[in-house]
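Commentary on secondary and tertiary structure
Single-letter residue listing:
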Amino acid sequence: MEKKLQKLKWDLHKYKSQKLLLWGLKHGYIAPYGDKLIEKLRTIYTGGIPASIILLSDGMSNGFCYDRAVLMARAFLDDKDDVRLLYASVDSIRLNPKCISDDPLYADHCIVEVTPEGGSPFIIDTSTGFIYSKNFYWLMEHPKIRRINNKKSIIEFVKADEYYSPEDIERDKYASPLILPMLEMSYGRPNEMYSMLGIELLQREIEHYKKVINYEAICQEIEDDMNRLIFKKDK
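Now for a description of the structure that goes with this document. None of these values were measured; they are calculated from a predicted model.

Points about the nonpolar core
By size, the foremost hydrophobic cluster in this structure holds 58 residues, and its most contacted members are Y33, L37, M72, L85, V112 and I124. Examining the composition of this core, we find that six residues originate from one element, helix α5 (residues 65-73), more than from any other. Excluding its chain neighbours within four sequence positions, the residues that come into contact with L85 are A69, V70, A73, C110, I111, V112, R147, I148, N149 and I154.

Quick notes on the layout of surface pockets
In this structure, the largest pocket encloses a volume near 910 Å³. Forming the boundary of the largest pocket are 33 residues, of which N62, S92, S127, T128 and Y132 lie nearest the centre.

Brief notes about a nonpolar patch on the surface
Residues L5, L8 and L12 make up a contiguous nonpolar surface patch of about 290 Å² in total accessible area. Among the structural elements, L8 can be located in helix α1 (residues 2-27). Its relative accessible area of 48% is what places L8 among the partly exposed residues.

Let's talk about the packing of α1 against helix α7 (residues 134-141)
Packing of α1 against α7 leaves a shortest axis separation of 10 Å and a crossing angle of 160°. With respect to α7, the element α1 is oriented roughly antiparallel. Two packed elements cross with a definite hand, and for α1 against α7 that hand is right-handed. Each of H13, K16, S17, L20, L21, W23 and G24 in α1 lies in contact with α7, whose residues at this interface are F136, L139, M140 and E141.

Some words on helix α8 (residues 151-160)
Because an α-helix completes one turn every 3.6 residues, residues spaced three or four positions apart along the sequence face the same direction. For α8, the full list of buried residues reads K151, I154 and V158. Viewed along the axis of α8, the buried residues span an arc of 60°, placing them on a single side of the element. Away from its buried face, by an angle of more than 90 degrees, α8 presents the exposed residues K152, K159 and A160. Against the buried residues of α8 lie α5, β4 (82-89) and β8 (144-149).

Quick look at the packing of aromatic side chains
One pass over the structure, following the stated rule, counts nine aromatic pairs. Note on Y29 and F136: the rings are 5.4 Å apart at their centroids and 20° apart in plane angle, and the pair reads as stacked. Here F136 lies in helix α7 and Y29 lies in the loop between α1 and β1 (30-32), a separation of 107 residues in the sequence. With relative accessibility at 36%, the residue Y29 sits in the partly exposed group. An angle of 80° between the planes, with centres 6.4 Å apart, marks the rings of F130 and Y132 as edge-to-face. Taken as a pair, F130 and Y132 share a single burial class, namely buried. An aromatic cluster is built from F130, Y132, Y137 and W138, whose rings are joined through pairwise contacts. Cation over ring: K134 sits above W138, and NZ or CZ is 5.2 Å from the ring centre. Directly above the aromatic system of Y87 lies the positively charged group of R147, at a separation of 5.0 Å from the ring centroid.

Criteria and thresholds
- Residues numbered from 1 in each chain as written.
- Predicted model: local features only at pLDDT ≥ 70, side-chain atom pairs only at ≥ 80, totals over all residues.
- Heavy atoms only, no water.
- Core = buried A, V, L, I, M, F, W, Y, C linked by side-chain atoms within 4.5 Å.
- Buried < 20%, exposed > 50% of the residue type's maximum accessible area, 1.4 Å probe, protein only.
- Helix = DSSP H or I, 4+ residues; strand = E, 2+ residues; numbered from the N terminus.
- Contact = heavy atoms within 4.5 Å.
- 1 Å grid on protein atoms, 1.4 Å probe; cavity = no way out; pocket = protein on both sides within 12 Å on 5 of 7 lines; lining within 4 Å.
- Points joined across faces, edges and corners; volume = space filled by probe spheres on them.
- Patch = residues over 30% accessible without salt bridge, like charges linked within 9 Å, V, L, I, M, F, W, Y side chains within 5 Å.
- Areas by Shrake-Rupley, 256 points an atom, 1.4 Å probe, with all protein chains shown as cover.
- Salt bridge = Lys/Arg side-chain N within 4 Å of Asp/Glu carboxyl O.
- Axes fitted to C-alpha atoms, helices over the stretch in contact; angles between N-to-C directions.
- Parallel < 35°, antiparallel > 145°, perpendicular 65-115°, else oblique.
- Left-handed = near helix turned anticlockwise from the far one by under 90°.
- Arc of directions from axis to C-beta.
- Phe/Tyr/Trp six-rings, centres within 6.5 Å; stacked < 30°, edge-to-face > 60°.
- Lys NZ or Arg CZ within 6 Å of the ring centre and 35° of its normal.

Here it is in structure tokens:
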């Protein structure tokens with residue numbers, strides 16, 4: 001009986017969420033990432049890849065909210081806008097029978113709240129890849145907040161954690177021949193909305209980054225190094 005009730009609640013949530021998503025997109029309460037934000041994300045790197053690529057990829061973002069929310073928040077640390085990280089349980093995890101467990105934090109999620117100077121707050125959920133009016137996000141997900149990190153604490157965390165420290169992109173760009181081909185294989189998949197025909201923002205960002213780092217030359221350099229190693233071993 002309990003499992004049937006859980007399934008009913010989950011089915012009702014999915015139905016409601018789909019309707020609200022379509023309505024929100026139509027009336028401007030939900031929006032995809034815009035060019036201004038994406039351009040900011042181009043200058044932020046982790047693992048040798050710019051955030052503009054990582055956060056446009058569902059495969060690299062969905063399910064990694066703690067890391068990706070910090071990555072997104074970094075785009076607002078130099079602005080006058082206020083930015084906070086909100087840690088909260090949300091309906092899309094809390095009601096999902098596949099997620100329900102005895103762990104009190106099983107439904108925990110991390111989202112970014114941005115309040116423009118003189119404007120209204122909005123929410124960025126890096127797992128869905130959308131920007132929401134704060135009130136509308138609350139209507140959809142009913143977050144129960146357990147923790148808030150303000151802008152000052154985010155800045156201190158980014159400075160202290162080696163994972164988020166500024167990268168030497170001239171060195172780290174050599175990871176791109178390993179990662180970019182896998183992303184290119186994901187183009188057009190149902191969950192990869194930013195790579196769908198007519199949108200193709202992920203493709204655009206990958207091509208832009210390839211030009212920035214001279215990708216073909218990197219691939220050739222790696223191939224030449226491999227050939228030298230093989231030739232040296234054969235000798």
